Amino acid sequence: MGEKLIFVGLIIFAAHFFSMIFSKKRIPDVLLLMIIGVIIGPLLGLVKPDFMGGVGGIFTTITLIVILFEGGTDISIFDIQKSWKSTIKLTLISVMFSVIIVGIIGYFFNLSIINSLILGVILSGTSSAVVIPLTQQLKIGNQTKTTLVLESAITDILCFILALALMQSELAGDGLNVMKIMGGVFSSFVIATIIGFIGGIVWTSILHKVRTFKNSIFLTPSYVFVLYGLSEALGFSGAITALSIGITIANIEYFNFSFLHKYQKDKYLMLTDREKAFISEIVFVLKTFFFVYIGISIPFNNNIALVAGVIITISLMVMRLFVAKYSSPKSANAFDKSIIALMIPKGLASAVLASIPEQMGLPQGELIKYIVFSTVLFSILLCSILIFIIERYPKANIILRVLFKSRNQ
């Protein structure tokens, strides 16, 4: 037991150190965490992928809830209003072509049609854990920065909605019934959003009283857990409910309802810096161990998953070049477009979703998980290397000089 506690403590210290390296050297901390997992797992054999046992499903669910809630608290309606056109254009085109390309590759590797689509949806987004810190440090335009951040947040939402809908459809034996899936997605999305919205309004109205309780800082995440469970029990998407609560709380001043004035007047309705910092710490710890877990689970003995991960990563990079050329914000210069073209890293949302098909008992669920884990590793690795090259060595930026036909600005 002592050795395990030492290991846990060292991992958390390492995660903070890697975060510092990320801020200075642009090497994503999540990549270094995965490498630790690879070393202690597949290389040295110190830890096996099933080391979490029956706790794995609960850990995945808690991670899902917290990252969606925190992701919602980072979404500003005002930012969306400013950049929604460029964001929606880039996001929808990128997601659509990603699903198609990855779906075809998945089918080539003997996945069923619906499982190929599930794989495509899971890998259609970009990683907020990688994109947001990178965009904060790179010298790119404000509109480009906002568009990339919002894209990573929105694609997380789309991934969760569509992937869970497809999984539930396959579990129910409905197959690829497009109309039924879309109907289920719409109804689940709408009701879950309403539950989250009402829940967010209620919580902000009583939050000033909740804060008077002793040791109350964990009550907000606990409240989100309760509403997640309630939404799931009613047959709707708990994930969307958690996200909706976060968005509502973050933008509560935008929802100025007169009948709530007596409950909200002269009250601080949003999360305090201390509460945000606490939730951020929870996400940090969950992210740390989840990416180490991914590294431990990389299937180096599964050649199919490894080859599929490499092919998917390269294919998505090629696709993204053309998406960046034709769907970037109008204000984006050639360097901005190059950065947009390289932003294909898959992350926590993809990794969390990857484990769900297997937990549901869906056929080929294990293969889906291993292909996703491989793609997460290779996509972050490729993105990190290429961004390092074009930032440090502008003359090596073939993407900027050839595809975008512009001088570096």
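Whatever comes next refers back to the structure up there.
Keep in mind that this is a model prediction, so the values were computed, not measured.

**Q** Looking at this structure, how should I read the overall build of the protein?
**A** When its secondary structure is counted, the protein shows 17 helices and zero strands. Looking at the 409 residues of the protein, the share that counts as buried comes to 53%. Intrachain contacts of the protein at a sequence separation of at least 6 include 80% that bridge at least 24 residues.

**Q** When you look at helix α14 (residues 334-342) in this model, what are you seeing that I'm missing?
**A** Residues three or four positions apart in an α-helix share a direction because the helix packs 3.6 residues into each turn. Within α14, eight of the nine residues are buried, which leaves it mostly tucked inside the rest of the structure. Within α14, burial applies to Ala334, Phe335, Asp336, Ser338, Ile339, Ile340, Ala341 and Leu342. The distance from a side-chain oxygen at the start of α14 to the backbone nitrogen of Phe335 is 3.1 Å, and the residue carrying that oxygen is Asn333.

**Q** In this structure, what is going on with the nonpolar core? I would like to understand it.
**A** For soluble globular proteins, the rule of thumb is that nonpolar side chains tend to be buried together. Counting 119 residues, the largest nonpolar core has Leu119, Met167, Phe291 and Leu353 as its most contacted members. Residue contributions to this core peak at 12 residues, all from helix α16 (residues 365-392). Here Met167 is in contact with Ile118, Ile122, Leu353, Ile356, Pro357, Met360 and Leu362, once residues within four sequence places are set aside.

**Q** Just to check I follow, could you spell out the pattern of salt bridges for this structure?
**A** When their charged atoms lie close together, side chains carrying opposite charge are able to pair. Applying the stated criterion across every chain, the model contains four salt bridges. Of the charged contacts in the structure, one is a salt bridge between Asp29 and Lys287, with a shortest N-O distance of 3.2 Å. One end of the pair, Asp29, is in helix α2 (residues 29-43); the other, Lys287, is in helix α12 (residues 273-297), with 258 residues separating them in the sequence. The exposure classification of Asp29 matches that of Lys287, with both residues buried. Notably, a salt bridge pairs Arg211 with Glu275, separated by 2.8 Å at the nearest N-O pair. Of the two residues, Arg211 sits in the loop between α8 (178-210) and α9 (219-233) while Glu275 sits in helix α12, which places them 64 residues apart along the sequence. The class for Arg211 is partly exposed, based on a relative accessible area of 25%. You can call Glu275 buried: its relative accessible area is 9%.

**Q** Hey, could you run me through the packing of helix α6 (residues 128-137) against helix α7 (residues 142-171) in this one?
**A** One can describe the packing of α6 onto α7 by two numbers: an axis separation of 9 Å at closest approach and a directional angle of 170 degrees. In terms of axis orientation, α6 runs roughly antiparallel to α7. Here Ser128, Val131, Ile132, Thr135 and Gln136 of α6 lie close against α7, whose contacting residues are Lys145, Leu148, Val149, Ser152, Ala153 and Asp156. Here the contact of α6 with α7 is composed, by residue class, of five nonpolar, four polar and two charged.

**Q** Mind showing me how you'd approach the packing of α9 against helix α10 (residues 238-250) here?
**A** Packed helices, taken two at a time, are described by their axes: the angle between them and the distance between them. Taken N-terminus to C-terminus, the directions of α9 and α10 make an angle of 145 degrees; their axes are 8 Å apart at the nearest point. Crossing hand, α9 versus α10: right-handed. For the pair α9 and α10, the contacting residues are Val224, Leu227, Tyr228, Ser231 and Glu232 in the first and Gly238, Ala239, Thr241, Ala242 and Ile245 in the second. Residue composition of the contact of α9 with α10, grouped by class: six nonpolar, three polar and one charged.

**Q** Whenever I open this one, the packing of aromatic side chains confuses me. Can you help?
**A** To describe a pair of aromatic rings, one takes the distance between the centres and the angle between the planes. Scanning the model with the defined rule gives six aromatic pairs in all. On the basis of an interplanar angle of 50 degrees and a centroid distance of 6.2 Å, the ring pair of Phe17 and Phe18 is categorised as tilted. Residue classification places Phe18 among the buried positions, given a relative accessible area of 12%. Counting every residue linked through ring pairs, the aromatic cluster contains Phe290, Tyr293 and Phe373.

**Q** Would you take a moment to explain the environment of Leu227 for this structure?
**A** Tracing the backbone shows Leu227 in helix α9. Judged by its relative accessible area of 10%, Leu227 is buried. C-alpha separation for the pair Leu227 and Thr241, spaced 14 residues apart in sequence, amounts to 7.1 Å. When sequence neighbours within four positions are dropped, the list of residues in contact with Leu227 reads Ile195, Gly199, Thr241 and Ile245.

**Q** What should I look at first to understand a nonpolar patch on the surface in this one?
**A** Side chains of Ile35, Ile39, Leu43, Leu44 and Leu46 sit close together on the surface and give an oily, nonpolar patch of about 510 Å² of accessible area. The residue Leu46 is located in the loop between α2 and α3 (55-73) in this model.

**Q** I'm lost on the layout of surface pockets in this one. Help?
**A** It is a probe the size of a water molecule, rolled over the atoms, that shows where empty space is left. Estimated volume of the largest pocket: approximately 1100 Å³. Here the element with the most residues in the lining of the largest pocket is α7; it accounts for eight residues. Per-class residue counts for the lining of the largest pocket are 17 nonpolar, 14 polar and eight charged.

About the cut-offs
One numbering rule holds for all chains: residues counted from 1, following each sequence as written. Two thresholds apply to this predicted model, a pLDDT of at least 70 for residue-level local features and 80 or more for giving and counting side-chain atom pairs, whereas whole-chain, interface and lining totals are computed over all residues. The basis for the side-chain values is all heavy atoms of the structure; hydrogens and waters are excluded. Secondary structure is summarised from DSSP: a helix means a run of H or I of at least four residues, a strand means a run of E of at least two, and numbering begins at the N terminus for each. Only protein chains enter the calculation, and the probe is 1.4 Å; a residue is then buried if its accessible area is under 20% of its type maximum, exposed if over 50%, and partly exposed in between. Any two residues whose heavy atoms approach within 4.5 Å at even a single point are treated as in contact. Whenever two N or O atoms come within 3.5 Å, that pair is a polar contact, provided that in protein one can donate a hydrogen and the other can accept it, and provided that, for residues adjacent in sequence, both atoms are side-chain atoms. We call a set of buried Ala, Val, Leu, Ile, Met, Phe, Trp, Tyr and Cys residues a nonpolar core when their side-chain atoms join them within 4.5 Å. By salt bridge we mean one thing: a side-chain nitrogen of Lys or Arg within 4 Å of a carboxyl oxygen of Asp or Glu. In this analysis, axes come from line fits to C-alpha atoms, helices being fitted only over the stretch in contact, and the angle between any two N-to-C directions falls in the range 0 to 180 degrees. In this scheme, roughly parallel covers angles under 35 degrees and roughly antiparallel covers those over 145, while 65 to 115 is roughly perpendicular and the rest are oblique. Amino acids are sorted into nonpolar (Ala, Val, Leu, Ile, Met, Phe, Trp, Tyr, Cys and Pro), charged (Asp, Glu, Lys and Arg) and polar (every other residue, Gly among them). Helix crossings fall into two classes, left-handed where the near helix is turned counterclockwise from the far one by less than a right angle and right-handed where it is turned clockwise. Pairing of aromatic rings covers Phe, Tyr and the six-membered ring of Trp, with a centre-to-centre limit of 6.5 Å; geometry is then stacked below 30 degrees between planes, edge-to-face above 60, and tilted otherwise. For patch detection, residues must exceed 30% relative accessible area and be free of salt bridges, and they are connected within 9 Å for like charges or within 5 Å for nonpolar side chains (Val, Leu, Ile, Met, Phe, Trp, Tyr). For every accessible area listed, the method is Shrake-Rupley and the probe measures 1.4 Å; residues are considered covered only by the protein chains on display. Cavities and pockets are found on a 1 Å grid laid over the protein atoms alone: a cavity is a set of points where a 1.4 Å probe fits but cannot escape, a pocket is an open set with protein on both sides within 12 Å along at least five of seven lines, and a lining residue has an atom within 4 Å of such a point. Grid points are joined across faces, edges and corners, and a volume is the space filled by probe spheres set on the points.

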